[in-house]
Amino acid sequence: NAGVTQTPKFRVLKTGQSMTLLCAQDMNHEYMYWYRQDPGMGLRLIHYSVGEGTTAKGEVPDGYNVSRLKKQNFLLGLESAAPSQTSVYFCASRTRQGITPEQYFGPGTRLTVT
Amino acid sequence: AQSVTQLGSHVSVSEGALVLLRCNYSSSVPPYLFWYVQYPNQGLQLLLKYTSAATLVKGINGFEAEFKKSETSFHLTKPSAHMSDAAEYFCAVHQGAQKLVFGQGTRLTINP
């Protein structure tokens, strides 16, 4: 099992450009998440999905869109990148089953917007 | 809403010394609590979790944490620090049906 993978690992954008980050998981998990990590602020939830075809807003959704067309994939889009979106982005997933809701994380995507 | 506070953004200990990373939570219901570790340029890895089965929870790499309801705390400890423990550590609490809320993180430095 590859677990949770993220593409790309690094990216530099100019202000106003758009891009899509791809998250894929091979654990048949129902729930998937996108976080951003900034120094001193921990991880903040951007958007999440509880199943194929569903998405919901997290703590910091502005400037981002997401789609979950397939159960194993969760895409994060930036339509018009801004320097404030310079961050490290993490995807995570978890199963709906069981009583312990731990999430499994990907390796991250480091995005710089100039 | 649940929240987590990690006391100390940076902790430095000598190799072989006790590691203590502090986490206090706020929750209106019995919480699920987690400690994650992040090594440089990597994603987060689960260290241990509290699910109400036992108040003292043992995790990987010799770490453990004790749930204290009266103090609303879930501090992480390791009796003897190793150089490989240098990383950032995050405490998190389960919120609602689907989400985790993370603390700000504590960077642990080990001095030789």
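This text gives an overview of the structure that appears in the document. Remember, it's a predicted structure, so these values are computed and weren't measured experimentally.

Reading the values: the criteria
Residues numbered from 1 in each chain as written. Chains lettered and ligands numbered in written order. Predicted model: local features only at pLDDT ≥ 70, side-chain atom pairs only at ≥ 80, totals over all residues. Heavy atoms only, no water. Phe/Tyr/Trp six-rings, centres within 6.5 Å; stacked < 30°, edge-to-face > 60°. Helix = DSSP H or I, 4+ residues; strand = E, 2+ residues; numbered from the N terminus. Buried < 20%, exposed > 50% of the residue type's maximum accessible area, 1.4 Å probe, protein only. Pairing = 2+ DSSP bridges. Axes fitted to C-alpha atoms, helices over the stretch in contact; angles between N-to-C directions.

**Quick look at the packing of aromatic side chains**
Residues and elements named next belong to chain A. As enumerated under the stated definition, the model contains 14 aromatic pairs over all chains in all. When the ring of Tyr33 is compared with that of Tyr48, the centres are 6.1 Å apart and the planes differ by 20°; the resulting orientation is stacked. Residue Tyr33 is located in strand 4 (residues 31-37), and its partner Tyr48 is located in strand 5 (residues 43-49); the two are separated by 15 residues in the primary sequence. An identical accessibility class is assigned to Tyr33 and Tyr48; each is buried.

**Considerations on the sheet that holds strand 1 (residues 4-7) of chain A**
All names here are of chain A. Taken together, four strands build an open sheet; the order of strands is 1-3-8-7 and the sheet is antiparallel. Unpaired on one side and paired on the other, strand 1 and strand 7 (65-67) mark the two borders of the sheet. Neighbour-to-neighbour, the strand axes of the sheet open up by a mean angle of 20°, direction not taken into account. Judged from the four bridges that link them, strand 1 and strand 3 (residues 19-25) form a sheet pairing that is antiparallel. If you follow Val4 over to strand 3, its bridge partner there is Gln25.

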